[in-house]
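Fold and geometry: a report
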Amino acid sequence: MASDSISINIDPRSGFCKSNSVFYSKRKPIALPCNEFLDVTTFISSHAHNGKIAFIDASTGRHLTFPEVWRAVDSVASCLSEMGIRKGHVVLLLSPNSIFFPVVCLSVMSLGAIITTTNPLNTPQEIHKQVANSKPILAFTTQSLLPKLSGTDLPVVLIGEHNNEKLSSKTTEIISCLEDMMKNEPNQSGLRTRVKERVREDDPATLLYSSGTTGASKGVISSHRNLMVMIQNVVTNSTLEGQTFICTVPMFHIYGLGVFVAGLLAFGSTVVVLSKFDMDEMLSAVAKYGVTYLPLVPPILVALINQAERVKAKYDLRMLQWVISGGAPLSKEVIESFLEKYPTVGIQQGYAMTETTGLGASTITLEESRRYGTAGLLSASLEAKIVDPDTGEALPVNRTGELWLRGPSVMKGYLSNPEATTSTIDKEGWLRTGDICYIDEEGYIFVVDRLKELIKYKGYQVPPAELEALLLTHPEIADAAVIPFPDKEVGQYPMAYVVRKAGSNQSESAVMDFVSTQVAPYKRIRRVAFVAAIPKSPSGKILRKDLIKLAISKL
């Protein structure tokens, strides 16, 4: 919060302080624990609430009550302690969404160990890169995903149902099954170890990988305190009380982990879990379980608009109160079309980063959500600056520049990458988001462009530099550039401009096939154009905007 001397100069409408050019949040301040020795699992379990059912499997109806969740967490943590998992150890979780995902995360973090998650759609090569970087000593995964860990030499705990006859012990050591661990009674020796290795708020809790624009993805280290700040932002949002959510977003992502694994558990809300996204399965679950909050990415919201007559005829959505949209701002036309087709459902929007532990800005009330194009008001724990990228000058209201954020939810840094950390967070704690924004006279943040060059495919972030580096390994490709190509259904998809080596007759399909076998489906290149040269600046930087203009001109 601002000091008394500074607060005098803060404009109550915008939150802008003229004396230091900082925007302060207009949200009610959140309270954080003062206990230096506190892990996020204990913090969540200490919240008193009237919740009964914590998690429901959308497809099977199996559920975990709140007491069952905490008994399972204690049992699994005790088993992990007996296995030798200690404070500071990294544990990998490779799994689709499930009601067991939170149990694994909370058990690991309660010991002071660090949970690192990965996308189940990633290829074995991509997963092996993360394993090499994060150096986990144990993995949790499902039987179907087990082959992706082949060759990592990681001992594995299996999640969910499995066929013992089909398990291969040649390349992977199966040491236990999660449900067996959940049935064990916590033992005192394990509890004594946890007390001995006391966890501090500032200790690392999660290691999630953020898509980068300059090469390989980076491991974002978030502390227990970072997560507590995220959770308190959820808990203090009174509009969420007594609601039922459906988890359509991946739990391996900071939003899924921070809100659906942790935050709503502290609040006492019920979370209906989809193991994989399917539009009709999602809508069936919304109707069956009386879901009141539905998180979506913009392409799905557009699909709901386009299929409104079929959706309303087939599914009972009377309990649905809000959809929550993130990943890209919604236009005025999309918002108005949705509200016209679904007049009893409001829209909330938000903006966040892995590096800020899922916090940034959001709209909460119906009045806020009608500010077309906004990402919302600054989160309670954060301060913001709008900085001119060329001069470094901090700008006032309604001026466009790069958004910088500072506050207790900002990450500890990137794993084993001090150069990337110092280039992202300055000495005063300001995190450069890479997003071009402005903040209006009412304190609303508007994202207008990206310094970063991530491609947004169905809400997934695709780093073009990663695909370019892959293309350049092909013996017939001399140079390449990857850009976002606009698409109404998916938002954007990767398009490659390729310079063939002399004598090569490589086809578009051959380029796409080369990439598709080595990356997750959402990263695949879906359009290729051959050019004589890639346009670049004098410093050698790819001029993507020129290529984007060229691609759009041919539509």
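This next bit is on the overall build of the protein chain. Secondary structure summary: the protein chain contains 18 helices and 29 strands in total. With the C-alpha coordinates of the protein chain rotated into their principal frame, the extents come out at 65 × 65 × 55 Å. Within the span of the protein chain, comprising 555 residues, buried residues form 55% of the whole. In the protein chain, the proportion of contacts linking residues at least 24 apart, taken out of those at least 6 apart, comes to 66%. Put simply, the protein chain shows about 24,300 Å² of open surface, and 51% of that area lies on carbon and sulfur atoms.

With that out of the way, let us pick up the packing of helix H11 (residues 298-306) against helix H13 (residues 332-341). Across the interface, H11 lies against H13 with an axial gap of 9 Å and an inter-helix angle of 45 degrees. Judged by the inter-axis angle, H11 sits oblique to H13. Two packed elements cross with a definite hand, and for H11 against H13 that hand is left-handed. Between H11 and H13, the residues in contact are Leu301, Val302, Leu304 and Ile305 and Val334, Ser337, Phe338 and Lys341, respectively.

The next thing to look at is the side chain of Lys385. Its location among the elements puts Lys385 in strand S19 (residues 383-387). Excluding its chain neighbours within four sequence positions, the residues that come into contact with Lys385 are Asn20, Ser21, Val22, Ala394, Glu402, Leu403, Trp404 and Trp430.

Side chains of strand S14 (residues 293-296) alternate between two faces, with Tyr293 and Pro295 and Leu294 and Leu296 buried alike. Summarising the sheet, S14 and strand S15 (residues 322-325) pair through 4 bridges and their orientation is parallel. Residue pairing for S15: Leu294 is matched across the bridge by Val323.

So, about the packing of aromatic side chains. All told, the structure shown has 8 aromatic pairs when counted by the stated rule. With a centroid separation of 6.2 Å and an interplanar angle of 75 degrees, the aromatic rings of Phe245 and Phe260 are classed as edge-to-face. Of this pair, Phe245 sits in strand S12 (residues 244-247) while Phe260 sits in helix H9 (residues 254-267); the two residues are 15 residues apart in sequence, bridging distant segments of the chain. As far as the burial class goes, Phe245 and Phe260 line up, both buried. The structure contains a cluster of three or more aromatic residues connected by ring pairs, namely Phe245, Tyr255, Phe260 and Tyr293. For Arg500, the ring lying beneath its charged end belongs to Phe530, and the centroid distance is 3.8 Å.

Structurally, Thr374 can be placed in the loop between helix H14 (366-369) and strand S18 (376-378). Owing to a relative accessible area of 1%, Thr374 belongs among the buried residues under this scheme. Counting along the chain gives 126 residues from Thr374 to Thr248, while the straight-line C-alpha distance between them is 23 Å. Residues in contact with Thr374, not counting those within four places in the same chain, are Gln349, Thr363, Glu368, Tyr444, Ile445 and Phe446.

The rules behind each value
- Starting afresh in each chain, residues are numbered from 1 along the sequence in its written order.
- Given that the model is predicted, a residue must reach a pLDDT of at least 70 before its local features are reported, and side-chain atom pairs must reach 80 or more before they are shown or counted; all residues, however, enter totals for whole chains, interfaces and linings.
- Working from all heavy atoms in the structure, the side-chain values ignore hydrogens and water.
- Helical segments are the DSSP runs of H or I of at least four residues, strand segments are the runs of E of at least two, and each set is numbered from the N terminus.
- Residue burial is assigned from relative accessible area. The probe radius is 1.4 Å, only protein chains are included, and a residue is buried under 20% of its type maximum, exposed over 50%, and partly exposed in between.
- In what follows, residue pairs with any heavy atoms lying within 4.5 Å of each other are defined as contacts.
- The protein chains shown are the only cover counted for residues, whose accessible areas, like all others here, come from Shrake-Rupley with a 1.4 Å probe.
- Axis angles are defined between N-to-C directions and span 0 to 180 degrees, where every axis is a line fitted to C-alpha atoms and, for a helix, only to the segment in contact.
- If an angle is under 35 degrees, it is roughly parallel; if it is over 145, roughly antiparallel; if it lies from 65 to 115, roughly perpendicular; otherwise it is oblique.
- The hand of a helix crossing depends on one turn: near helix anticlockwise from the far one by less than a right angle means left-handed, and clockwise means right-handed.
- Only when DSSP finds a minimum of two bridges between them are two strands counted as paired.
- When two rings of Phe, Tyr or Trp (its six-membered ring) have centres within 6.5 Å they constitute a pair, described as stacked for plane angles under 30 degrees, edge-to-face for angles over 60, and tilted for the intermediate range.
- Geometrically, a lysine NZ or arginine CZ counts as sitting over a ring once it is within 6 Å of the ring centre and also within 35 degrees of the ring normal.

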